[in-house]
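Structural characterization, general
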Amino acid sequence: MTDAGQRPKSRPKSGKPQPQAAEPMKPGYPARAAAAKMLSAVVEQKTPLDGMIDEDHGNPAFRALSPQDRALVRAILNSALRHLSWIDAIFARFLEKPLPEGAKHLRHVLSVAAAQILFLDAPDHSAVDIAVEQARRDPRSRRFANLVNALLRRLSREKEDVLTWAKAQVPIFPAWFLGRLEGDYGPAAAAAIGNAFIALAPIDLTVKSDPDRWAGELGGTVLPTGSVRLDKFHGAVSDLPGFAEGAWWVQDAAAAIPARLMGDIRGKRVADLCAAPGGKTMQLAAKGASVVALDRSKNRLKRVEENLERTKLSADIQMADAENYEDSRQFDVVLLDAPCSATGTFRRQPDVLWATRPADIAKLADVQHRLLDSAAKRVKIGGDLVYSTCSLEREEGETQILAFLRRHPDFSLVKLLPEKAADMGIPAESVRPEGWVRLLPHQRPGGQDGFFIARLKRNKVNP
């Protein structure tokens, strides 16, 4: 009851309390929240990171951020995914029992904060405060906000000790991938590959001509492959001299080798069957070949067109599925850089180790089988088929070629001789006795992508 003459406080006609204004977010909150959601998408839904950080078609929360915050999200995700095995092990060590079922999503909030505390130049208190706010704002995890605070403050206090422990005791790779590496290459090579994973990858460039000049202008070094390597550059490559005029393009040194295996292709007709994003197409065109570049993705082909336009190179671009491409022409050389698990690219794309399932490799191997059979028909007698994958999986490399040769007696493996490999800058240990190339990330100082490459010659009509 009110005093005489005093009006009661106004209420909405419905009698319900008025909604309160949303509490302002702490500075930096949207970037960390976007990073946690994207990390969850990679680990839980096996979503490739590349598509989510595309600035035109990527994750809406990511695209809504400022350029500075987008760069922060990329750095957080790169560090979190690269060290996720260590981060998980550290929190497991801190917890007496696993996170409750209703709080499993907090794994990604904690991982984003841990990546900042352990590996990035960010204030620890900011990473802690924002992670606690993320937990508090989510009804699923509000009651665990104090737990998040305690875990991250302990991590901040003990980070040097726990990081030393993780480095000594915890494999850097997910268990499924480590098991395959050790089985295929042995424990010593797997450990060396792990060291290559931890180190940040340099930027490699393929130049149209005069690598010494561009190495000098860009402050890089010329690798034995002819690529120019920039070890300490961390800005936008589009700002570098030579980009706008198309003098070079970004391409890992290992990725540049398949085209180099072809030798002199001036005036030859070459088909690049899975061409996007165009690095190998540009190599082939720069070497004087008449190139037909195929890809089934319209968006990816647009990147090929843009790259060719920038570099002032030309190719006949066709949007088609390489398996069912309706073209009766045969080619002097067919390059099949086949779709694969891309496990060899983990230095720049650490998400592949968390977004890939072992079952995916078998499915991709079936795709590669069909593409190889289709590619074989497009090689003229006396011509070459160059097969490559940016994968460390034998099912996508050695096993594919052995099976292909059994199916196609009209083809034979062109063995790469060690002296020829040395001329092309291929490490001696990457040339296998069978004559194909198996590039492992640790076999080049400063690292390289993992690749399998085989060159095959068509000798006669298949009986």
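Tallying secondary structure elements over the protein chain gives 18 helices and 12 strands in all. Expressed as lengths along the three principal axes of its C-alpha atoms, the size of the protein chain is roughly 105 × 50 × 50 Å. In the protein chain, buried positions account for 52% of the 463 residues. For the protein chain, long-range pairs separated by at least 24 residues make up 71% of all intrachain contacts whose partners lie at least 6 apart in sequence. Total accessible area on the protein chain stands at roughly 22500 Å², and carbon and sulfur atoms take up 52% of it. In the protein chain, the 66 positive side-chain charges and the 57 negative ones have mean positions that sit 4 Å from each other.

Burial of strand 9 (residues 379-389) is extensive: eight of the 11 residues sit out of reach of the surface. In the sheet, strand 9 pairs with strand 12 (residues 451-458) via six bridges, with the strands oriented antiparallel. Considered in strand 12, the bridge of Ser388 is made with Ile453.

Within the structure shown, the criterion is met by 11 aromatic pairs. Ring centres 5.5 Å apart and planes at 65 degrees place the aromatic pair Trp176 and Phe177 in the edge-to-face group. Residue class for Trp176 comes out partly exposed when judged on its relative accessible area of 22%. Measuring from centroid to centroid gives 5.3 Å for Phe404 and Phe411, while their planes differ by 70 degrees, and the two rings are edge-to-face. A residue is classified by how much of its surface remains accessible, and Phe411, at 5% relative accessible area, is buried.

Enumeration over the complete set of coordinates arrives at 29 salt bridges. The salt bridge involving Arg180 is made with Glu395; its shortest N-O contact spans 2.7 Å. With Arg180 in helix 9 (residues 175-185) and Glu395 in the loop between strand 9 and helix 17 (398-407), the pair connects residues that are 215 residues apart, well separated along the chain. Overall, the relative accessible area of 22% leaves Arg180 in the partly exposed class. Look at Glu395 and you get partly exposed, because its relative accessible area is 32%. When salt bridges with common partners are traced through the structure, they connect Asp184, Arg394, Glu398 and Arg438 into a single cluster.

What follows is about the sheet that holds strand 2 (residues 221-222). Here four strands make up an open sheet; going across it, the order is 2-3-1-4 and the pairing antiparallel. Every interior strand has two partners, whereas the edge strands, strand 2 and strand 4 (248-250), have only one. Sheet topology note: the strand 2/strand 3 (residues 228-230) ladder contains two bridges and is antiparallel. Residue Thr221 lies in a different strand from strand 3, and its bridge partner there is Arg229.

Attention shifts here to helix 16 (residues 358-376). The end-to-end C-alpha distance of helix 16, which contains 19 residues, comes to 28 Å, matching closely the 27 Å that a straight helix rising 1.5 Å per residue would cover. Of the positions making up helix 16, those classed as buried are Asp360, Ile361, Ala365, Gln368, Leu371, Leu372, Ser374, Ala375 and Ala376.

Another point: the environment of Ser40. By the secondary structure assignment, Ser40 is in helix 1 (residues 29-45). Once residues within four sequence positions are removed from consideration, Ser40 is found in contact with Gln45 and His108.

Let us look at unusual backbone geometry. A cis geometry characterises the amide bond from Ala276 onward to Pro277, with omega recorded as 5 degrees. Looking at where Pro277 falls in the secondary structure, it is placed in the loop between strand 5 (269-272) and helix 13 (279-286). Positioned with a positive phi, Asp210 is a non-glycine residue whose angle comes to about 55 degrees. Tracing the sequence through the fold places Asp210 in the loop between strand 1 (203-207) and helix 11 (211-218). Judged by its relative accessible area of 43%, Asp210 falls in the partly exposed class. With phi around 60 degrees, Lys312 is a residue other than glycine that occupies positive phi space. The residue Lys312 is located in the loop between helix 14 (298-311) and strand 7 (316-319) in this model. The class of Lys312 is exposed, set by a relative accessible area of 60%.

Membership of the largest hydrophobic core comes to 104 residues, with the highest contact counts inside it found for Phe91, Leu152, Leu155, Phe173, Phe346 and Ile426. Leaving out residues up to four positions away in the same chain, Leu155 has contacts with Ile90, Phe91, Phe94, Ala114, Ile117, Leu118 and Val162. Counting 27 residues, the second-largest nonpolar core is a separate cluster that includes Val334, Ala338, Ala376 and Phe404.

A few words now on the environment of Gly246. Among the structural elements, Gly246 can be located in the loop between strand 3 and strand 4. Expressed as a C-alpha distance, the spacing of Gly246 and Val207, which sit 39 residues apart in the sequence, is 8.9 Å. Excluding residues that lie within four positions of it along the chain, Gly246 makes contacts with Lys208, Arg310 and Thr311.

Right, let's talk about the packing of helix 5 (residues 84-94) against helix 8 (residues 145-169) for a bit. Where helix 5 contacts helix 8, the two axes come as close as 10 Å, and the packing angle between them is 120 degrees. As judged from the angle between their axes, helix 5 and helix 8 are oblique. The way helix 5 lies across helix 8 gives a crossing that is right-handed. Along its contact with helix 5, which presents Trp86, Ala89, Ile90, Phe91, Arg93 and Phe94, the element helix 8 presents Leu151, Leu152, Arg154, Leu155, Glu158, Val162, Leu163, Trp165, Ala166 and Lys167.

Turning to the side chain of Gln116, a few remarks are in order. Inspection of the secondary structure assignment puts Gln116 in helix 6 (residues 106-119). The exposure class of Gln116 is buried, given its relative accessible area of 2%. Of note is the side chain of Gln116, whose polar atom sits 2.9 Å from the side chain of Arg32. At a separation of 3.0 Å, a polar atom in the side chain of Gln116 contacts the main-chain carbonyl oxygen of Val112. If we ignore the near neighbours within four places in the chain, the residues touching Gln116 are Arg32, Ile76, Ala122 and Ala127.

Conventions we followed
Residues numbered from 1 in each chain as written. Predicted model: local features only at pLDDT ≥ 70, side-chain atom pairs only at ≥ 80, totals over all residues. Heavy atoms only, no water. Helix = DSSP H or I, 4+ residues; strand = E, 2+ residues; numbered from the N terminus. Buried < 20%, exposed > 50% of the residue type's maximum accessible area, 1.4 Å probe, protein only. Contact = heavy atoms within 4.5 Å. Areas by Shrake-Rupley, 256 points an atom, 1.4 Å probe, with all protein chains shown as cover. Lys, Arg positive; Asp, Glu negative; His and termini not counted. Charge placed at Lys NZ, Arg CZ, Asp CG, Glu CD. Pairing = 2+ DSSP bridges. Phe/Tyr/Trp six-rings, centres within 6.5 Å; stacked < 30°, edge-to-face > 60°. Salt bridge = Lys/Arg side-chain N within 4 Å of Asp/Glu carboxyl O. Expected span 1.5 Å × (residues − 1). Core = buried A, V, L, I, M, F, W, Y, C linked by side-chain atoms within 4.5 Å. Axes fitted to C-alpha atoms, helices over the stretch in contact; angles between N-to-C directions. Parallel < 35°, antiparallel > 145°, perpendicular 65-115°, else oblique. Left-handed = near helix turned anticlockwise from the far one by under 90°. Polar contact = N/O pair within 3.5 Å; in protein donor to acceptor, adjacent residues only side chain to side chain.

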